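Here is how the chains run, residue by residue.
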Amino acid sequence: MSKLKVAVLISGRGSNLKALLDACDTPNFPAEIVHVISNKKTAKGLRYAEEYGVPYEVISHKDFATRADFDMELHEHIKKSGAEFICLAGFMRVLSNKFVDLWKDKVVNIHPSLLPSFKGVDTHKQALECGVKYHGCTVHFVVPDIDSGPIIVQEVVPVLDDDTEETLGARCLEKEHIAYRRALRTIAEKKYKIEGNKVITWG
Ligand code: GAR
């Protein structure tokens, strides 16, 4: 069976990109990363694309007058790369409705909380302030609403009494890497269906 060709969009550190590159490097993994794009030229994660020999480029949102213009440039470059699917991995830009429509059900994102709790930024701080006992991460399909969309995988971590944003964030990040790998496998093997806001998986 041919592998699902994936583009990964990043803005920074790139640890989730690295987790996906490692996953794709394991025997019989059903996906391959064919392109990496960062909207920031300083993104440390670009070094992983370089290391793994995956074509990469920077497309800075600052070079475009509007969000729509930037998104259409992204769209063109992703299409040209041959990618059929997009993983957002710490890509800190909101995508326009037009882009989301063009890639309907073909874009997933990882978010550092158990959605629908703690949307937006500073999710570990939000969790600590809220006093929840469990926190985690979510891989979900991207829809026009921010940090929403059908959930594919969630991973949970306990919140400890002496947790700081840093300790909780680090525990969560380990789970993110596991969750993203699992989600991409499920997607690439086509062992899922989307029913309304729900993703049903099997296998
Ligand atoms: C990750 O924690 C990811 O969940 C988060 O940014 C971080 C990127 O880390 N994404 C969001 O907050 C998106 N709303 P990484 O660059 O090391 O993968």
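Predicted, not measured: the structure shown is a model, and the values here were computed from it.

Q: Would you take a moment to explain the site of the ligand for this structure?
A: In the vicinity of the ligand, the contacting residues are Arg 13, Gly 14, Ser 15, Asn 16, Gly 90, Met 92, Ile 110, His 111, Pro 112, Asp 147 and Glu 176. Here an oxygen atom of the ligand sits 2.9 Å away from a polar atom, N or O, in the side chain of Asn 16. When the free accessible area of the ligand is taken as 450 Å², the share hidden by the protein chains comes to 87%. Its atoms largely coinciding with the cavity grid, the ligand occupies the largest pocket. If you list the elements that add at least two residues to the shell around the ligand, you get helix 1 (15-25) and strand 5 (107-111).

Q: Could you clarify how one ought to interpret the layout of surface pockets in this entry?
A: Sizing a probe to match a water molecule and rolling it over the atoms shows the empty space that remains. Approximately 1000 Å³ is the volume attributed to the largest pocket. Lining the largest pocket are 38 residues, with Gly 90, Phe 91, Met 92, Ile 110 and Pro 112 positioned closest to its centre. Of all the secondary-structure elements, those providing two or more residues to the lining of the largest pocket are helix 1, strand 5, helix 5 (123-130) and helix 6 (165-188). At six residues, the largest contribution of residues to the lining of the largest pocket is made by helix 6.

Q: Sorry if this is basic, but what is going on with the packing of helix 5 against helix 6 here?
A: Packed helix pairs are specified by the crossing angle of their axes together with the interaxial distance, meaning the distance between the axes. Across the interface, helix 5 lies against helix 6 with an axial gap of 9 Å and an inter-helix angle of 115°. As for the relative orientation of helix 5 and helix 6, their crossing is right-handed in sense. In contact with His 124, Lys 125, Ala 127 and Leu 128 of helix 5, helix 6 contributes Glu 165, Leu 168, Gly 169 and Cys 172. Taken together, the residues of the contact of helix 5 with helix 6 sort by class into four nonpolar, two polar and two charged.

Reading guide: rules and limits
Residues numbered from 1 in each chain as written. Predicted model: local features only at pLDDT ≥ 70, side-chain atom pairs only at ≥ 80, totals over all residues. Heavy atoms only, no water. Near = heavy atom within 4 Å. Polar contact = N/O pair within 3.5 Å; in protein donor to acceptor, adjacent residues only side chain to side chain. Areas by Shrake-Rupley, 256 points an atom, 1.4 Å probe, with all protein chains shown as cover. 1 Å grid on protein atoms, 1.4 Å probe; cavity = no way out; pocket = protein on both sides within 12 Å on 5 of 7 lines; lining within 4 Å. Sits in = over half its atoms within 2 Å of the grid points. Helix = DSSP H or I, 4+ residues; strand = E, 2+ residues; numbered from the N terminus. Points joined across faces, edges and corners; volume = space filled by probe spheres on them. Axes fitted to C-alpha atoms, helices over the stretch in contact; angles between N-to-C directions. Left-handed = near helix turned anticlockwise from the far one by under 90°. Contact = heavy atoms within 4.5 Å. Nonpolar A, V, L, I, M, F, W, Y, C, P; charged D, E, K, R; others polar.

Just distances and angles here, no functional claims.
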